[in-house]
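An overview of the molecular structure
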Amino acid sequence: MKDSVTEIADVVIVGGGTAGWMAAAALSRFLANGRRRITLVESDAIGTVGVGEATIPPILNFNRMLDINENDFLRATRGTFKLGIEFVNWGRAGDRYIHPFGSFGHDLHGIAFHQLWLRERVRGEAGDIADYSMSAAAAARGRFGRPGREAKPPLSELFYAFHFDASLYARFLRGLAERQGTIRREGRITGVERDGESGDVAAVRLESGERIAGDLFIDCSGFRGLLIEEQLGAGYEDWSRWLPADRAIAVPTANVGPPDPFTRSTAHGAGWQWRIPLQHRTGNGHVFSSAFMDEDEARRILLANLEGEPLADPRTIPFRTGRRKLSWSHNVIALGLSSGFLEPIESTSIHLIQNGIQRLLALFPDKPVSPVERDEYNRGMRDLYEDVRDFIILHYKATQRDDTPFWRHVRDMDIPDSLARKIELWRLHGRIFRENAELFGVTSWVAVLLGQNIRPERYDPVADTLDEAKVAAAMAEMRAAYARAAERLPAQDEFLKVAGAWAAEAAA
Ligand SMILES: Cc1cc2nc3c(=O)[nH]c(=O)nc-3n(C[C@H](O)[C@H](O)[C@H](O)COP(=O)(O)OP(=O)(O)OC[C@H]3O[C@@H](n4cnc5c(N)ncnc54)[C@H](O)[C@@H]3O)c2cc1C
């Protein structure tokens, strides 16, 4: 180590929402080893965004990293299992499909399952592609089973994530982070000190006058980007030309029955509505574009499409879709809403936080920060954001709806070249390739493209090399096996109760 280079001793996390407490839990687990101090500053008066309740399967890795017991976690957060997302009214009004976790069927002789399915479809024998997914089969029946380490197919093919209460999740992680040594400071930050020479952030100052100095700052201050934008001016790449939704109205409702193990996304005239079932309530929200619908109408549509009684007044959250041009600038790393925002159609924001934390741990710097590590981080985050962006735009572009100006606009808009190329490749022979470390794999793309009626002109000719009767028999056997396995699983609420993951008061 060069004389002028020292180890980072003080990490300061600014903000105590989901991003702040996820960062604190992970950094204190791996870095608070006696040589480093992790401090988190949050302001009860400012509060958190209070939404963000659906996740994707990689969150299981985060829980494993932190040695979190899944049943304790579900009980503490009133969580439920999520097997995928059901999309309603997206391709055409009245359409319904599921984007399940896990994969569709099994490849045969190296030929992708969806190509075999496309061939069978021509013969009229294939049925719904969701019948070939363990997670979709369980979701359709409202059932769940946790595939243990020893699980065999088809149960081992059941992939899942969670729905949880956002504020309880932050509380749960706070407990963990504090037990691991994170120091919490409450108070509003009213001042920031910079190093005169390097321009690095040196300290934050609270309203009370307290000064908190650090070597590395994690900006988890939400949309405003207290350090990354207000201090360092990292800049924002606006993606609203492709994703025109700019507001959400959120409202929780009482449950009307046992919670479904999937998120539902229902398209409306200028956006869509989420339904996220938890143990004790259901989260709902209407994401819409204010250029195409006024807020009163958006609220009316939301309230008219609720299943249970509202438990609070609807709350509007404005946002601007895009990405901070630099996630890491100087000695500040932005995580969560301060690093960018993509609407929650595919529940990706918490994953972007998780990925940012894991990437930071993999590239943890010394002081002063090396531009090599910082640039590597920024490159990786940019690629991830852009991959997710393309997949989300697909949901809008791949529509046949023309019933409102909003749908005509998104159907006809120009899209990024990276996405246009993917769709064209699919249209020809149904080919999809997962590039580099793309988050969404073949099943995800196939689910949305087929679910929204974008059919390839032909299947891959290679699929014709396999014997038709043998493929048909293998596929029939797969479909039957998924259905049989799903029938044997308990209802998800039964599973949660038997596992000790159901919070007692939620049962009342
Ligand atoms: C409508 C909507 C729906 C969403 N749904 C999903 C979903 O289903 N799945 C998903 O993965 N993600 C979802 N998200 C994203 C998710 O909510 C966020 O990624 C997540 O909550 C992280 O927020 P945050 O911690 O970055 O910010 P916040 O929750 O806003 O926290 C900011 C923190 O900074 C503190 N702070 C700010 N200024 C100061 C100051 N001056 N002094 C001291 N403290 C300060 C605040 O007190 C707070 O603690 C959704 C987002 C929105 C808007």
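Before reading on, note that the structure itself is shown above.
1. A few points about empty space enclosed by the protein
- All chains considered together, the criterion is met by one cavity of 30 Å³ or more.
- Its volume calculated, the largest cavity comes out at about 40 Å³.
- Contributing to the lining of the largest cavity are Thr-55, Ile-56, Ile-59, Ser-347, Ile-350, His-351 and Gln-354.
- Take the lining of the largest cavity: its biggest share by element is three residues, from helix α8 (residues 349-362).
- Classifying every residue of the lining of the largest cavity gives three nonpolar, four polar and no charged.

2. A closer look at the packing of aromatic side chains
- Summed over all chains, the structure comprises 27 aromatic pairs.
- Ring centres 5.1 Å apart and planes at 15° place the aromatic pair Phe-87 and Tyr-97 in the stacked group. With Phe-87 in strand β4 (residues 84-88) and Tyr-97 in strand β5 (residues 96-100), the pair connects residues that are ten residues apart, well separated along the chain. Pair check on accessibility: Phe-87 and Tyr-97 agree, each one buried.
- For the ring pair Phe-292 and Phe-406, a centre distance of 5.5 Å and an interplane angle of 80° mean the geometry is edge-to-face.

3. Concerning the site of the ligand
- Taken together, the neighbourhood of the ligand is formed by 34 residues, with Gly-16, Val-51, Ala-54, Ile-189 and Ile-350 sitting nearest.
- Val-51 places a main-chain nitrogen or oxygen 2.9 Å from an oxygen atom of the ligand.
- Here the ligand, which alone exposes 1,000 Å², has 97% of that area covered by the protein.
- Residue composition of the shell around the ligand, by class: 16 nonpolar, 14 polar and four charged.

4. Here we look at the environment of Asp-414
- Inspection of the secondary structure assignment puts Asp-414 in the loop between α10 (405-412) and α11 (417-429).
- Between the C-alpha atoms of Asp-414 and Trp-242, which are 172 residues apart in sequence, the distance is 7.7 Å.

5. Here we look at the nonpolar core
- One finds Ile-218 and Tyr-396 to be the most contacted residues of the largest nonpolar core, which totals 146 residues.
- Here the element with the most residues in this core is helix α9 (residues 371-397); it accounts for ten residues.
- If we ignore the near neighbours within four places in the chain, the residues touching Ile-218 are Val-11, Val-12, Ile-13, Val-14, Leu-27, Ile-333, Leu-335 and Leu-360.
- The next biggest cluster of nonpolar side chains, apart from the first, holds 16 residues, and it includes Val-14, Val-201, Leu-226 and Ala-234.

Parameters and conventions
Note that residues are indexed from 1 along each chain, following the sequence as it is written. Thresholds applied to this predicted model are a pLDDT of at least 70 for local features of residues and 80 or more for the giving and counting of side-chain atom pairs; totals over whole chains, interfaces and linings are not thresholded and use all residues. With hydrogens and water set aside, each side-chain value is computed from the structure's full complement of heavy atoms. The definitions used throughout rest on a 1 Å grid laid over the protein atoms alone, on which a cavity is an enclosed set of points accommodating a 1.4 Å probe that cannot get out and a pocket is an open set flanked by protein within 12 Å on both sides along at least five of seven lines; lining residues are those having an atom within 4 Å of a point. Grid points are joined across faces, edges and corners, and a volume is the space filled by probe spheres set on the points. Under the DSSP-based scheme used, a helix requires at least four consecutive residues in state H or I and a strand at least two consecutive residues in state E, with every element numbered from the N terminus. Note on residue categories: nonpolar means Ala, Val, Leu, Ile, Met, Phe, Trp, Tyr, Cys or Pro, charged means Asp, Glu, Lys or Arg, and polar means any other residue, Gly included. Under the pairing criterion, centres of Phe, Tyr and Trp rings, with the six-membered ring standing for Trp, must be within 6.5 Å; the plane angle then separates stacked pairs below 30 degrees from edge-to-face pairs above 60, leaving the rest tilted. The cut-offs for exposure are 20% and 50% of the maximum accessible area for each residue type, with area from a 1.4 Å probe on protein chains only; residues under the lower value are buried, those over the upper are exposed, and the others partly exposed. Consider each residue's heavy atoms; a residue with any of them within 4 Å of a molecule or strand counts as near. N or O atoms within 3.5 Å of each other form a polar contact, as long as, within protein, one can give a hydrogen and the other can take it, and as long as residues adjacent in sequence are counted only when both atoms are side-chain atoms. We get accessible surface area from the Shrake-Rupley algorithm with a probe of 1.4 Å; when it comes to residues, only the shown protein chains can shield them. For this analysis, a nonpolar core means a set of buried residues of the types Ala, Val, Leu, Ile, Met, Phe, Trp, Tyr and Cys, connected via side-chain atoms within 4.5 Å. In this description, contact between two residues means that some pair of their heavy atoms is separated by no more than 4.5 Å.

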